[in-house]
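# Notes for the structure review
Single-letter residue listing:
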There are 2 protein chains.
Amino acid sequence: MASQVPTRAYRRLSVEERRRQLLTAALELFARRAPEEVSLDDVAETAGVSRPLVYRYFPGGKQQLYEAALRSAADELEQCFAEPPEGPLTERLTRALNRYLTFVDEHDTGFSALLQGGSVVETSRTGAIVDGVRRAAAEHILRHLGVAEPTARLRMTVRMWISSVEAASLIWLDEDKEPAREELRDWLVEQFVVCLTATAGRDAQTAGVVRGALALEDAEGAVGGLLRRVLPVVEDAGHLL
Amino acid sequence: MASQVPTRAYRRLSVEERRRQLLTAALELFARRAPEEVSLDDVAETAGVSRPLVYRYFPGGKQQLYEAALRSAADELEQCFAEPPEGPLTERLTRALNRYLTFVDEHDTGFSALLQGGSVVETSRTGAIVDGVRRAAAEHILRHLGVAEPTARLRMTVRMWISSVEAASLIWLDEDKEPAREELRDWLVEQFVVCLTATAGRDAQTAGVVRGALALEDAEGAVGGLLRRVLPVVEDAGHLL
């Protein structure tokens, strides 16, 4: 097949298609480089269009493109935690974390740059987008826990775990993605289980959630494995009872 | 006693005393108001000096004063986790968290503004100062755990818990400091215990740390209380073993 001349190719796209194409190119670049290292020329080149065309769609230049790309990444990230409410909770959470960590893996540099802060493209708007993702993830999880009106303590537990997952993701990227993604994922699920269980000792609603969730787990699942690995570590703690 | 005229009073201070006085005034203001809402006039007024005098000590203006105040707050915050290596680990952590949450309580608005981001005074320098506090806190805790060379997994667990404490602090401030500081503190200690214990199931070094720490705890302490509250919640989970 003969390669198409970009100018011919892009005349055929609708306004919406063109916008999406530029956004895809921007997201690809912002995912793998720090915002400082992405120019509008790079975006134009990646999309196979001219720089003036990029400006026609994004007259606010790089800042506007960055925010649009971030908005689009945020939508994708929020969807990671959308999961049918079926089966043991730890299995649902495992699937959600799998999508989340795949996203982190594929957007490594951009993810670090965004969350580590100090970048020139960061504003209160970009901060609000990131915070929106955190809130959406918390809402998804609380829905899976089956509580319409979570207590402050339960909500706080979920939000604390989300923060710790974010921290773990950054450290993971910083440490050349060690351990393997699947192992990190399973460990983060276990962290959720124990954090929720500790809160259950101080909050009746959370205790109900934990009891209900444990009833749906089976011995071969995440909680069974966790128990079998942890019990030998604490077997000498009888003096504490 | 007759009140002193500010101009007379401040001529008597040495350069270092004066600098400290201005910093104290700045920290007091930045602790209780968003950086946007603090002017150099406010700092001058709080310190009882003239605006030109503030500029003489901080020619970089508000940005320089903010960074110096943040540096001073960071030093104080790092000291929260300095604790003699004696007694059960949960008691040491309880004392450290008590100091930390007292600091958060006393610097509420500034703490939120700093960590929630999007402020005009934030730069890569202020980000580095905040990150330095996190790292110092992690080092303090790892020293208390008695490991000279922590595994990646153990270090990650400690840093994840620090992130979740930060998240909890922000939510706590946002929710009018509910629950009471002591209750939040004890619950955060419990979260640390269970996170570490879950990691112990996957990391031999952490398992050794947990075994050693549990041996030093007693039934009346934090871990004993946690166990007695949590065991009834999980008593029906026998099918998972």
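Residues numbered from 1 in each chain as written. Chains lettered and ligands numbered in written order. Predicted model: local features only at pLDDT ≥ 70, side-chain atom pairs only at ≥ 80, totals over all residues. Heavy atoms only, no water.

Residue and element names in this part refer to chain A. Along helix 3 (residues 40-47), the residues classified as buried are Leu-40, Val-43, Ala-44 and Ala-47. Along the axis of helix 3, the buried residues cluster in a sector spanning 100 degrees; they form a single face. Residues of helix 3 that are buried make contact with helix 2 (15-32), helix 4 (51-57) and helix 5 (61-80). Backbone geometry just after helix 3 places Gly-48 at a positive phi near 70 degrees. (Buried < 20%, exposed > 50% of the residue type's maximum accessible area, 1.4 Å probe, protein only. Helix = DSSP H or I, 4+ residues; strand = E, 2+ residues; numbered from the N terminus. Arc of directions from axis to C-beta. Contact = heavy atoms within 4.5 Å.)

Our focus in this paragraph is the UniProt feature "DNA-binding region" (unreviewed entry) in chain A. When the UniProt feature table is mapped onto this chain numbering, "DNA-binding region" (unreviewed entry) sits at residues 39-58 of chain A. The distance from the first to the last C-alpha atom of residues 39-58 of chain A is 13 Å, and the span holds 75% helix and 0% strand. (UniProt positions renumbered as here; feature names shortened; annotations may be inferred.)

This next bit is on the UniProt feature "domain: HTH tetR-type" (unreviewed entry) in chain A. The UniProt record marks residues 16-76 of chain A with the feature "domain: HTH tetR-type" (unreviewed entry), using the residue numbering of this structure. For residues 16-76 of chain A, helix accounts for 79% and strand for 0%, while the C-alpha atoms at its two ends are 18 Å apart.

Let us look at the confidence of the model for chain A. When pLDDT is averaged across chain A, the result is 91; 95% of the residues are at 70 or more. Every residue in residues 1-5 of chain A scores below 50 in pLDDT, and together they form 2 contacts with partners more than four places removed in sequence or on other chains. (pLDDT = per-residue confidence, 0-100.)

On to the relation of the copies chain A and chain B, then. With an axial shift of 0.0 Å and an RMSD of 0.0 Å, the rotation relating chain A to chain B amounts to 180 degrees. Both copies of the chain, as the preceding transformation shows, are related through a two-fold rotation axis. When the interface residues of chain A are mapped onto chain B, 100% of them again lie at the interface, so the same face is used by both copies. (Least-squares fit on C-alpha atoms with pLDDT ≥ 70 in both.)

Helix-helix packing: each pair is described by the crossing angle between the helix axes and the interaxial distance. All names here are of chain B. In the contact formed by helix 6 (residues 89-106) and helix 9 (residues 152-174), the axes pass within 11 Å of each other and the chain directions differ by 40 degrees. In terms of axis orientation, helix 6 runs oblique to helix 9. Pair helix 6 / helix 9 crosses with right-handed handedness. Across the interface between the two elements, Leu-93, Leu-97, Tyr-100, Leu-101, Val-104 and Asp-105 of helix 6 pack against Trp-161, Val-165, Glu-166, Ser-169, Trp-172 and Leu-173 of helix 9. (Axes fitted to C-alpha atoms, helices over the stretch in contact; angles between N-to-C directions. Parallel < 35°, antiparallel > 145°, perpendicular 65-115°, else oblique. Left-handed = near helix turned anticlockwise from the far one by under 90°.)

Residue and element names in this part refer to chain A. In total, this model carries 8 aromatic pairs over all chains according to the counting rule given. Seen in terms of ring centroids, Tyr-100 and Phe-111 are 6.3 Å apart; in terms of plane orientation they differ by 80 degrees. Their pairing is edge-to-face. In this pair, Tyr-100 sits in helix 6 (residues 89-106) while Phe-111 sits in helix 7 (residues 108-116), placing the two residues 11 residues apart along the sequence. Residue classification places Tyr-100 among the buried residues on the basis of a relative accessible area of 7%. Its relative accessible area of 7% is what places Phe-111 among the buried residues. Summarising the aromatic geometry, the rings of Trp-161 and Phe-192 are spaced 4.9 Å apart at their centres and angled 65 degrees between planes, so their arrangement reads as edge-to-face. (Phe/Tyr/Trp six-rings, centres within 6.5 Å; stacked < 30°, edge-to-face > 60°.)

Taken together, the contact between chain A and chain B spans 55 residues of the former and 55 residues of the latter. When chain A packs against chain B, close to 4800 Å² is buried across both sides, 67% of that on carbon and sulfur atoms. Ranking the residues of chain A by area buried against chain B places Trp187(A), Arg202(A) and Leu240(A) at the top, with a combined share of 16%. Taken together, the links from chain A to chain B amount to 4 salt bridges. Linking Glu190(B) and Arg202(A) is a salt bridge whose minimum nitrogen-to-oxygen distance equals 2.8 Å. Where the side of chain A that touches chain B is concerned, the elements lending two or more residues are helix 9 (152-174), helix 10 (181-200), helix 11 (204-216) and helix 12 (222-234) of chain A. Taken together, the residues of the side of chain A that touches chain B break down into 31 nonpolar, 12 polar and 12 charged. (Buried area = accessible area lost by both parts, 1.4 Å probe. Salt bridge = Lys/Arg side-chain N within 4 Å of Asp/Glu carboxyl O. Nonpolar A, V, L, I, M, F, W, Y, C, P; charged D, E, K, R; others polar.)

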